[in-house]
Amino acid sequence: MLHPALPILLLAVTAPAVAALDAAPPDAVPAQQSLDGTMVAQMTIRERVVIRVPRMSAASRLPVPVPVRYKEKKGPKCVAAAELAGALIQEPGAVDLVITGGKRLRARLDKDCGPLDYYAGFYLRPAADGKVCAGRDVLRMRSGASCGIATFRTLVAAK
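Residues numbered from 1 in each chain as written. Predicted model: local features only at pLDDT ≥ 70, side-chain atom pairs only at ≥ 80, totals over all residues. Heavy atoms only, no water.

Enquirer: Summarise the state of the cysteines; cite the residues concerned and give the values.
Expert: Under the definition given, this model contains one disulfide. Between the sulfur atoms of C78 and its disulfide partner C133 the distance amounts to 1.8 Å. Handedness of the C78-C133 disulfide follows from its S-S torsion of about 110 degrees: it is right-handed. You can see C78 sitting in strand β5 (residues 78-80) and its partner C133 sitting in strand β10 (residues 131-133), a full 55 residues away along the chain. (Disulfide = S-S within 2.5 Å. Helix = DSSP H or I, 4+ residues; strand = E, 2+ residues; numbered from the N terminus.)

Below, the structure is given as structure tokens:
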């Protein structure tokens, strides 16, 4: 019986290969011949992978982009769910929604919403009208909790 913790590879080998196995390291198992004449051997294969990470010169470094700061403006009451393209967590108590076309909305959440509940992801179910509305709809967390959307604010790049 083979030990289940050992990394092994079973091979059907020819007689010259069996002779090579006899000279194998001590942790290799000697070959055995089955009834039909096929020789079977067990061998442990160890491998190391080395990844070379080149050092970048100062001239080849790309500049780190400066994060865009946004100002909040008055936002819509509702947004069409089909226009939602993504979401970002930028500050506690809010989720930034990316709208198709590059616009951004900030969904301010109810005050009783736990700040860490929605970081792992959330679900947003639009109503029958196909819209997500402040004061009506909620974000449902993967943990099972839910947070109501208090308001939407339009985000404009600060100058």
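Enquirer: I'd like a description of the pattern of salt bridges, backed by residues and values.
Expert: Tallying each qualifying case throughout the model produces eight salt bridges. E72 is the salt-bridge partner of R106, the closest N and O atoms lying 2.9 Å from each other. With R106 in strand β8 (residues 104-109) and E72 in strand β4 (residues 70-74), the pair connects residues that are 34 residues apart, well separated along the chain. In this structure R106 comes out as buried when scored by relative accessible area, which is 7%. Here R106 makes a salt bridge to E91, at a shortest N to O gap of 3.3 Å. Of this pair, R106 sits in strand β8 while E91 sits in the loop between β6 (84-88) and β7 (94-99), and the two are 15 residues apart along the sequence. Several salt bridges converge on common partners, so that one network encompasses E72, E91, D96, R106, R108 and R153. (Salt bridge = Lys/Arg side-chain N within 4 Å of Asp/Glu carboxyl O. Buried < 20%, exposed > 50% of the residue type's maximum accessible area, 1.4 Å probe, protein only.)

Enquirer: Hey, could you go over the environment of G135 for me, with residue numbers and the actual values?
Expert: With respect to the helices and strands, the residue G135 is situated in the loop between β10 and β11 (138-141). Taking the relative accessible area as the measure of exposure, G135 reaches 67% and is therefore exposed. Taking the C-alpha atoms as reference, G135 lies 9.4 Å from C78; in sequence the two are 57 residues apart. Ignoring sequence-local partners within four residues, the contact set of G135 consists of K77, I149 and A150. (Contact = heavy atoms within 4.5 Å.)

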